[in-house]
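Coordinates in review
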Amino acid sequence: MPENWMLPRIFPIGGILFDFLFVLIAIPIEAYLLHYRLKFDKKTSTFYAISINLFSSVIGWFIFFVSEPILPLQVRTELINYMFFNNFKSPNTQGLLILTAFIIFFSTFLMKFFILKVLLLSLNEQLLKKQEEEEAPISQRRRWRTFGNLKFQSNNLIITVLIANSLSYSAITLVLLFSAK
């Protein structure tokens, strides 16, 4: 880390409020998809949607505040100009913006998937039952069937989180397009 690292004195309140708006847009979309595709009840799917969006938002802001002092001066200037004034000085920033958008999208997707996986594992009551069942001998056929079901559930979870993230980012992009005009 650089020696001159310190907390910023000015926070991008507009950016934080827009992020809050984006979280409020993403939660119902993702909760609906978790309910529809993974067959959670509405309360559970809403809890998971709120949790994954808030955790990923906090992690994202932490990464932003840690990486901002490390960026080159021209990129920092463009970033700060966009955060506070909602425009870019340099016209050739669009390529960097598109690359950054793809990186943010896929890193958010991975964060949401791993956060949801951790929540599902930590809040699953069936783990206690499985520990009790492990004491009894399990047939080889049943183990393969359980492994196949877990693999299918993991693939279904990945696809559901990807679709939910894509739809919420599409809605957020529409809001950004409408707010730019």
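Above this text sits the structure in question.
First, a word on what this report is: a plain description of the structure on this page. Please read these numbers as outputs of a predicted model, since none were measured by experiment.

**Remarks on the overall build of the chain**
Looking only at helices and strands, one finds 6 helices and 0 strands in the chain. Element order for the chain, N to C, with α for helix and β for strand: α-α-α-α-α-α. Within the chain, the proportion of its 181 residues that are buried is 27%. Sequence-distant contacts in the chain: of pairs separated by 6 or more residues, those separated by 24 or more amount to 71%. When the accessible surface of the chain is summed, it comes to about 13,300 Å², and 69% of that surface belongs to carbon and sulfur atoms.

**Digging into the side chain of Ser168**
Residue position: Ser168 is located in helix α6 (residues 140–180). The buried category is assigned to Ser168, whose relative accessible area is 0%. When sequence neighbours within four positions are dropped, the list of residues in contact with Ser168 reads Ala26, Ile29, Glu30 and Lys112.

**So, the packing of aromatic side chains**
The description of an aromatic ring pair rests on the distance of the ring centres and on the angle between the ring planes. Counting across every chain of the model gives 10 aromatic pairs. Plain terms: the ring middles of Trp61 and Phe64 are 5.4 Å apart, the flat faces sit at 85 degrees to each other, and that makes the pair edge-to-face. Note that Trp61 and Phe64 are positioned in helix α2 (residues 42–67) at a spacing of 3 residues, about one turn of the helix. By relative accessible area, Trp61 is classed as buried at 18%.

**What about a nonpolar patch on the surface?**
Judged by side-chain polarity, Phe18, Leu21, Tyr82, Phe88, Leu97 and Leu176 come together as a nonpolar surface patch covering roughly 450 Å² of accessible area. Its place among the elements puts Phe18 in helix α1 (residues 13–38). According to the relative accessible area criterion, Phe18 is partly exposed, its value standing at 33%.

**Considerations on the nonpolar core**
Of all hydrophobic cores here, the largest spans 16 residues; its most connected members are Leu34, Tyr48 and Leu116. The set of elements that each furnish at least two residues to this core consists of α1, α2, α4 (94–122) and α6. Setting aside anything within four residues of it in sequence, one finds Leu116 in contact with Leu34, Tyr48, Ile52, Leu157 and Val161.

**Focus: the side chain of Glu68**
With respect to the helices and strands, Glu68 occurs in the loop between α2 and α3 (73–85). By relative accessible area, Glu68 is classed as buried at 14%. A distance of 3.1 Å separates a polar atom in the side chain of Glu68 from a polar atom in the side chain of Arg76. Setting aside chain neighbours within four positions, we find Glu68 in contact with Arg76, Leu79 and Ile80.

**Observations concerning the packing of α2 against α4**
Relative to each other, α2 and α4 sit at 130 degrees, their axes nearing to 9 Å. Taken together, the axes of α2 and α4 are oblique relative to one another. The handedness of the crossing between α2 and α4 is right-handed. In this structure, α2 uses Tyr48, Ser51, Ile52, Asn53, Phe55, Ser56 and Ile59 to contact α4, whose residues at the interface are Thr108, Met111, Lys112, Ile115, Leu116, Leu119 and Leu120. A breakdown of the residues in the contact of α2 with α4 according to their chemical character gives 9 nonpolar, 4 polar and 1 charged.

**Some words on unusual backbone geometry**
Here the phi dihedral of Lys39 falls at roughly 60 degrees; this positive angle occurs in a residue that is not glycine. Structurally, the position occupied by Lys39 is in the loop between α1 and α2.

**Description of the pattern of salt bridges**
Counting across every chain of the model gives 2 salt bridges. Between Glu30 and Lys112 there is a salt bridge, with the nearest N and O atoms lying 2.6 Å from each other. Remark: Lys112 occurs in helix α4 and Glu30 occurs in helix α1; sequence separation between them is 82 residues. Side by side, Glu30 and Lys112 carry an identical accessibility label, which is buried.

Conventions used here
Residues numbered from 1 in each chain as written. Predicted model: local features only at pLDDT ≥ 70, side-chain atom pairs only at ≥ 80, totals over all residues. Heavy atoms only, no water. Helix = DSSP H or I, 4+ residues; strand = E, 2+ residues; numbered from the N terminus. Buried < 20%, exposed > 50% of the residue type's maximum accessible area, 1.4 Å probe, protein only. Contact = heavy atoms within 4.5 Å. Areas by Shrake-Rupley, 256 points an atom, 1.4 Å probe, with all protein chains shown as cover. Phe/Tyr/Trp six-rings, centres within 6.5 Å; stacked < 30°, edge-to-face > 60°. Patch = residues over 30% accessible without salt bridge, like charges linked within 9 Å, V, L, I, M, F, W, Y side chains within 5 Å. Salt bridge = Lys/Arg side-chain N within 4 Å of Asp/Glu carboxyl O. Core = buried A, V, L, I, M, F, W, Y, C linked by side-chain atoms within 4.5 Å. Polar contact = N/O pair within 3.5 Å; in protein donor to acceptor, adjacent residues only side chain to side chain. Axes fitted to C-alpha atoms, helices over the stretch in contact; angles between N-to-C directions. Parallel < 35°, antiparallel > 145°, perpendicular 65-115°, else oblique. Left-handed = near helix turned anticlockwise from the far one by under 90°. Nonpolar A, V, L, I, M, F, W, Y, C, P; charged D, E, K, R; others polar.

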